[in-house]
Amino acid sequence: MSDHETTDTDAGDEAEPTGEPTFEAAEYADGTVTYPPHTVSPNGAERVGTVDLGDHAARVVTWTTSTATPPGVREPNTLAIVEFEMGDDYDGPPVRALGQVASRGDAVDGDDSGDADEPGDVDVDIGDRVEPVYADDLREPGAGIREPESQDWDGFRFRPVE
Amino acid sequence: MERVAIVGASMTRFGQRDAWVRELLAEAGAAALDDAGIDGDDLDHLYVSNMASGEFEGQTGVPNALAHDLAATPAYTARIDQTSSSGGAGLYAAWQSVASGASDLTMLVGGEKMTHRTTAEATDVIASLTHPVEYKHGVTLPSFAGLTARLYLDEYDAPRESLGKVAVKNHRNGVDNPHAQFQKEVDLDTVLDSPVVADPLRLYDFCPITDGSAALVFCPESVAEEYVPEDQYAVISGIGGATDTHVVHERADPTTMGGVADSSDIAYEMAGIGPDDVDVAELHDMFTILEFLQSEDLGFFEKGEGWKAVEAGVTDRDGDLPINTSGGLKSKGHPLGASGVAQVYEIYQQVTGNAGPRQVEADTGLACNVGGFGNCVTTTVLEGSQ
């Protein structure tokens, strides 16, 4: 499932494509939201729509900097698990994602300057607030074992905002 | 349902080997047949635990190759792939085959050939088990460990040194294991000063890349004494398998391995025991942090207390609950498909009194084999026949 969808950002609605990259999570009939989308919710409820997590800030749950990275991956590669701020109306389980941490100087959403080879000056800690930042290529397609056409390679990094 | 006994076992030297996977499997398989005093054509079923022989060396069809090499045809064969818990999953299949009555004599051989690949290549083969939304960010199994270790240390106020002490303990145990990849002690300073791999974890927090194979022979307990003396077999008194989420970040508590808890609940119930009844355990210490998580999720220690047990020496070979007397994956090595089989090999040696200088007082032992980062787990309880 690509992050780079062009669906509407309101859960449950059919959407007209906007052309902007979206950070697509799934919403289910039981109110649960998951990233990535699954066929059914953890409780077995059917999917009813999508949510664009690109609109949501998040907090860092934990992070690491990997210095032994696979082929086609930036080195070092700082990664974080983040938990999204879903608002007071959301009472489902936490909505989290794992992704690369962007340097504070990385491009803003929608800019194509994300570069798999430039890890930048990454500075992050548990509890930090982050925002999603779009990148065209998170790693080099075809450099690793996975078939390049089998999945998408664009997506969202997390840039500290405080 | 038949109670299932283990009546033969073997493992090759783990480490960097010239042999390829088919040869490694045959080496361990032939030795296990010899240990049980049987021939290949005595086998009804032959299982091979292997994660990625096709990806690593372009060799598929290994069960049939092994059956031919060991003159075990026309035995039924199957390859069991459950990533790094392929060994545990193979154990489950082998146990089922005998417990169900489908086979009177089954052999399981686990093996992997990895060291001809670079670390980056091998890491990528293993990381291919991850979900696409994780894989595209360059996540590796070591990076999952770094993420989890940081959270664990933060949540439970554990000192970084406690992780290093797992490595020190398991290397100390590996000195007395002639099959181990590393038969040398390391001190805490060496661990803490080694290069960072996935911050806060360093090189000595990780198992090596390894070639090797291990094998076990199974039969109904009712006929075990046809193969070995009455005090030289072990019984699988409990076994359980379980899964957790494929996507690691979707777990409610990233420091809890639900598959470990669920699989051990099943194994304990089948065996009619609890965690306090376990005398010795082999845990899947692919990374030092995993020994903390598993020792807690198996119920040996309260949540967040596993590090204190290591600090207090409880899990040392002469402690109240020795963990990884073999040296664990950390020192013994981790040839993916072989590891779960080799864990049970060690417990088998312990409960039959054949562990030599590694021997501890043990009637009941447990092995916990983990695939992915807790994605798939098999927990096995073995009891000695005496």
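Residues numbered from 1 in each chain as written. Chains lettered and ligands numbered in written order. Predicted model: local features only at pLDDT ≥ 70, side-chain atom pairs only at ≥ 80, totals over all residues.

Within chain B, the regular secondary structure consists of 14 helices and 11 strands. Rg of the C-alpha trace for chain B: 19 Å, near the compact-globule value of 21 Å for 386 residues, within the 12% margin. Seen along its three principal axes, the alpha-carbon backbone of chain B occupies a region of about 55 × 45 × 40 Å. Long-range contacts, defined as pairs at least 24 residues apart, comprise 77% of the intrachain contacts of chain B with a sequence gap of at least 6. (Helix = DSSP H or I, 4+ residues; strand = E, 2+ residues; numbered from the N terminus. Rg over C-alpha atoms; globule rule 2.2 N^0.38 Å. Contact = placed C-beta atoms within 7 Å.)

Helices and strands together make up the secondary structure of chain A, namely 0 helices and 8 strands. Taken from N to C terminus, the helices and strands of chain A fall in the order β-β-β-β-β-β-β-β. Buried positions account for 43% of the 162 residues belonging to chain A. For chain A, restricting intrachain contacts to residue pairs at least 6 apart in sequence, the fraction spanning at least 24 positions comes to 52%. (Buried ≥ 20, exposed ≤ 12 C-beta atoms within 10 Å, placed from the backbone.)

In this section: the nonpolar core. All names here are of chain B. With 156 residues, the main nonpolar core has Ile 6, Ala 215, Leu 216, Phe 218 and Val 341 as its most contacted residues. When residues of this core are assigned to their parent elements, the largest contribution, 9 residues, is made by helix α14 (residues 336-351). Those residues in contact with Ile 6 that sit more than four places away from it in its chain are Leu 216, Val 217, Phe 218, Tyr 233, Ala 234, Ile 236 and Tyr 348. (Core = buried A, V, L, I, M, F, W, Y, C linked by C-beta atoms within 7 Å.)

It is worth spelling out the sheet that holds strand β1 (residues 24-28) of chain A at this point. Residues and elements named next belong to chain A. Here we have 3 strands laid out as an open sheet, ordered β2-β1-β3, and antiparallel in their pairing. Two strands close off the open sheet at either side, each with one partner strand: β2 (33-34) and β3 (47-52). By the bridge criterion, 5 bridges tie β1 to β3 in an arrangement that is antiparallel. Each residue of the ladder has a partner; that of Ala 26, found in β3, is Thr 50. (Pairing = 2+ DSSP bridges.)

What follows covers the environment of Phe 300 of chain B. Residue and element names in this part refer to chain B. As for its placement among the helices and strands, Phe 300 is situated in the loop between α11 (288-297) and α12 (306-311). Along the sequence, Phe 300 and Val 278 sit 22 residues apart, while their C-alpha atoms lie 8.6 Å from each other. Aside from chain neighbours lying at most four places away, what touches Phe 300 is Pro 275, Ser 295 and Leu 321.

In this section: the interface of chain B and chain A. Taken residue by residue, the interface counts 36 residues in chain B and 34 residues in chain A. Elements supplying a minimum of two residues to the side of chain B that touches chain A: α5 (119-127), α6 (132-135), α7 (141-156) and β5 (196-198) of chain B. Residue composition of the side of chain B that touches chain A, grouped by class: 17 nonpolar, 10 polar and 9 charged. (Nonpolar A, V, L, I, M, F, W, Y, C, P; charged D, E, K, R; others polar.)

Here we come to the confidence of the model for chain A. All names here are of chain A. Summarising the model, chain A shows a mean pLDDT of 85, and 78% of its residues fall at 70 or more. In this model residues 5-15 is a low-confidence stretch, pLDDT under 50, and it forms 25 contacts with partners more than four residues away in sequence or in other chains. Contacts for the low-pLDDT stretch residues 108-117, under 50 throughout, to residues beyond four places or in other chains number 23 contacts. (pLDDT = per-residue confidence, 0-100.)

Quick look at the sheet that holds strand β11 (residues 376-384) of chain B now. All names here are of chain B. Here 9 strands make up an open sheet; going across it, the order is β3-β2-β4-β7-β1-β8-β11-β10-β9 and the pairing mixed. Pairing within the sheet leaves two strands with one partner each, and these edge strands are β3 (76-80) and β9 (280-282). Neighbour-to-neighbour, the strand axes of this sheet turn through a mean angle of 25 degrees, independent of strand direction. Sheet topology places strand β2 (residues 45-49) next to β3; 5 bridges connect them, and they run parallel. By the bridge assignment for β3, His 45 is matched with Tyr 76. (Axes fitted to C-alpha atoms, helices over the stretch in contact; angles between N-to-C directions.)

Residues and elements named next belong to chain B. Contact geometry for helix α8 (residues 160-174) and α11: axes closest at 8 Å, N-to-C directions at 95 degrees. Taken together, α8 and α11 sit at an angle that is classed as roughly perpendicular. Between α8, through Leu 163, Val 166 and Ala 167, and α11, the contact on the second element is made entirely by Thr 288, Ile 289 and Glu 291. The residue inventory of the contact of α8 with α11, partitioned by class, reads 4 nonpolar, 1 polar and 1 charged. (Parallel < 35°, antiparallel > 145°, perpendicular 65-115°, else oblique.)

All names here are of chain B. For α8, built from 15 residues, the straight-helix expectation of 21 Å at 1.5 Å per residue is met to within 8% by its first-to-last C-alpha distance of 22 Å. Counting buried residues along α8, 12 of its 15 residues qualify, which places the element largely inside the surrounding structure. Buried residues of α8: Ser 162, Leu 163, Gly 164, Lys 165, Val 166, Ala 167, Val 168, Lys 169, Asn 170, His 171, Asn 173 and Gly 174, and no others. (Expected span 1.5 Å × (residues − 1).)

Residue and element names in this part refer to chain B. Within the secondary structure, Leu 216 is located in strand β7 (residues 212-220). On the basis of neighbour counts, which here come to 31 C-beta atoms within 10 Å, the residue Leu 216 falls in the buried class. On a C-alpha basis, the gap between Leu 216 and Val 197 in space is 35 Å, while along the polypeptide they are 19 residues apart. In contact with Leu 216, other than residues within four places in its own chain, are Ile 6, Gly 8, Ala 9, Ala 32, Leu 108, Val 341, Val 344 and Tyr 345.

Turning to unusual backbone geometry, a few remarks are in order. The omega angle of the peptide bond from Tyr 35 of chain A to Pro 36 of chain A is 0 degrees, so this bond is cis rather than trans. Positive phi is not limited to glycine here, since Ala 71 of chain B has a value of about 55 degrees. In this structure, Ala 71 of chain B sits in the loop between α3 (62-69) and β3. Backbone geometry at Thr 83 of chain B places phi at a positive 50 degrees, although glycine is not the residue there. Within the secondary structure, Thr 83 of chain B is located in the loop between β3 and α4 (86-99).

Here we take up the environment of Asp 124 of chain B. With respect to the helices and strands, the residue Asp 124 of chain B is situated in helix α5. Sequence separation between Asp 124 of chain B and Ala 65 of chain B is 59 residues; the distance between their C-alpha atoms is 27 Å. Apart from residues lying up to four places away in sequence, Asp 124 of chain B is in contact with Pro 70, Pro 71, Gly 144 and Ile 145 of chain A.

Because an α-helix packs 3.6 residues into every turn, residues spaced three or four apart end up facing the same way. Residue and element names in this part refer to chain B. Along α11, 10 of the 10 residues are buried, which leaves the element largely enclosed by surrounding structure. Looking at the buried residues of α11, the elements they touch are α7, α8, α10 (258-271), α12, α13 (328-332) and β10 (364-371). Gly 299 occupies a position one or two residues after α11 and carries a positive phi of about 90 degrees.

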